[in-house]
Amino acid sequence: MDFTPQDSDFFKFIDSNSHSDISEMRLKYHGKDLNFNLSLALLQIECRKKCNSKLKMFIANGKTLFPSLVASEQASHEAVASFHASVASGNKTILDMTAGLGIDSFAFASVAEEVVSCEIDIDKASMLEYNIRTLGINNINVRCIDSLDYISKDDRRFDMIFVDPARRGLQNSRVYNFRDCQPDIISEMRMLLSKAKTVMIKASPLLDISQTLRDIPYVRTIRAISVKGECKEILIEASFCDKAKAVDSITAEAIDLNNDGSINSRFTFIKNLTDNDVSAYPGNSPKVIYATTRDLIPGKYLYEPNASMMKLAPWLELCGHYPSLKKAAASSHLFVSDSIIPDFPGRSLVITEIPDKKRLKSLKGHHINVSTRNYPLPASDLRKKLGVLEGDDIFLYATRLSADQPITLLAKKI
């Protein structure tokens, strides 16, 4: 299929209808003889709307094209792709096994001498080649082939292999663990590591990390990556080390990115694989100290870990790194301190009030964010019960202290 529009009217149509309703345009232009591919133009408008926040640079070019709606939905956020490239920096040759729209390949091209992008779908591969030309990138080579066939039949060795396994099962259902994805990373890991020094794997944020570490004994680093507080993916790096023997510990990171790719917060720790706990910092013996009602009073500082921290749950390391922290309860995942911790990896607030039942009733109609942690009611039900509206800087936290001690806190975001 030829994806290269031959008439400028194609792009003018997209620009002038960027905010128009797709269904209305299909009816409006049905049966009309236009000098360009109307279906392709409408697809571009729909994709650009959906990806306006995560693919701003790609869209800003004006003439880049999307091969399908699914490709746009599955593409990496540009901030995440930029982070992938920063991790991959220093690798001269990179193989992208599952290129798709090519956002990761474009990012890798900025740090590597050569990127080979495999895409088995001929239409997607053709569109990828078109976009590469449009963006003026000269160090990406597209291969329209099954990536496993390409790797197994070629003697070439890469510095790094990047793979984002397809997370769709039978009848297009979503799957999350590597055993259910395509390609089958677990079965092919030894072969992949024989073809590259490092294999970088992008996975669903719902990935079972403990099971993955059991399935892949060559993991060296695991990262939970969020953008503006929303966990986007789990990023895994695997490599042979010590004659292909598995290691006892790995580096783990919880990273929250801004939309421009800059790092908002980064928490790094060592995860011990020999037991169920995590190892302490060298020379430290951290422990989790739990808060009492005396710790949760107005003027104290309250912290809610971000999504990446919640995924990795490094509470022992967190308390070791910030000795002044106290945890609300074992399952509450809220923290408190006497003095402010400016670089806490998550939301920071100051407690303003411990409301009683009468005060809670008086909140009806007020704009307040409601959050529940280890509490009998979900946030939506508590919000409805109290009759409060969505808020901005004021938060009501409903949580528990020890075993059966519910508590509510009003706090203001710092």
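Above this text is the structure in question.
The rules we used
Residues numbered from 1 in each chain as written. Predicted model: local features only at pLDDT ≥ 70, side-chain atom pairs only at ≥ 80, totals over all residues. Heavy atoms only, no water. Pairing = 2+ DSSP bridges. Helix = DSSP H or I, 4+ residues; strand = E, 2+ residues; numbered from the N terminus. Core = buried A, V, L, I, M, F, W, Y, C linked by side-chain atoms within 4.5 Å. Buried < 20%, exposed > 50% of the residue type's maximum accessible area, 1.4 Å probe, protein only. Contact = heavy atoms within 4.5 Å.

Caption draft 1: How the structure looks around the sheet that holds strand β16 (residues 406-413). Taken in spatial order, the seven strands line up as β11-β12-β10-β13-β16-β15-β14 in an open sheet, and their pairing is mixed. For this open sheet the edge positions go to β11 (326-327) and β14 (369-372), each flanked by a neighbour on one side alone. Bridge analysis of strand β10 (residues 301-305) against strand β12 (residues 335-337) gives three bridges, and the strand direction is antiparallel. Paired with Tyr301 across the two strands is Ser337, which belongs to β12.

Caption draft 2: Quick look at the nonpolar core. Among the nonpolar cores identified, the biggest contains 54 residues, and Phe13, Leu55 and Phe108 are the most heavily contacted of them. Sequence-distant contacts of Phe13, that is, excluding residues within four places in its chain, are made with Met25, Tyr29, Phe36, Leu38, Ala41, Leu42 and Ile45. Membership of the second largest hydrophobic core comes to 48 residues, among which are Met189, Ile201, Leu213 and Ile250.

Caption draft 3: Representation of the environment of Ser308. Locating Ser308 in the fold gives a position in helix α12 (residues 307-312). Between the C-alpha atoms of Ser308 and Leu128, which are 180 residues apart in sequence, the distance is 31 Å. Ignoring any residue separated from it by four or fewer positions in sequence, one finds Ser308 in contact with Ala224, Ile225, Ser226, Ala254 and Ile255.

Caption draft 4: Expanded view of helix α10 (residues 185-193). Turning to α10, its buried residues number three or more, namely Ile185, Ile186, Met189, Met191, Leu192 and Leu193. The secondary structure elements touched by the buried residues of α10 are α9 (147-153), β4 (158-163), β5 (196-203), α11 (209-215) and β7 (230-238).

Caption draft 5: Structural context of the pairing of β10. Burial of β10 is extensive: four of the five residues sit out of reach of the surface. Pairing of β10 with strand β13 (residues 346-353) involves five bridges; the strand directions are antiparallel. Considered in β13, the bridge of Glu304 is made with Arg347.

None of the figures reported here should be taken as evidence of function without further support.
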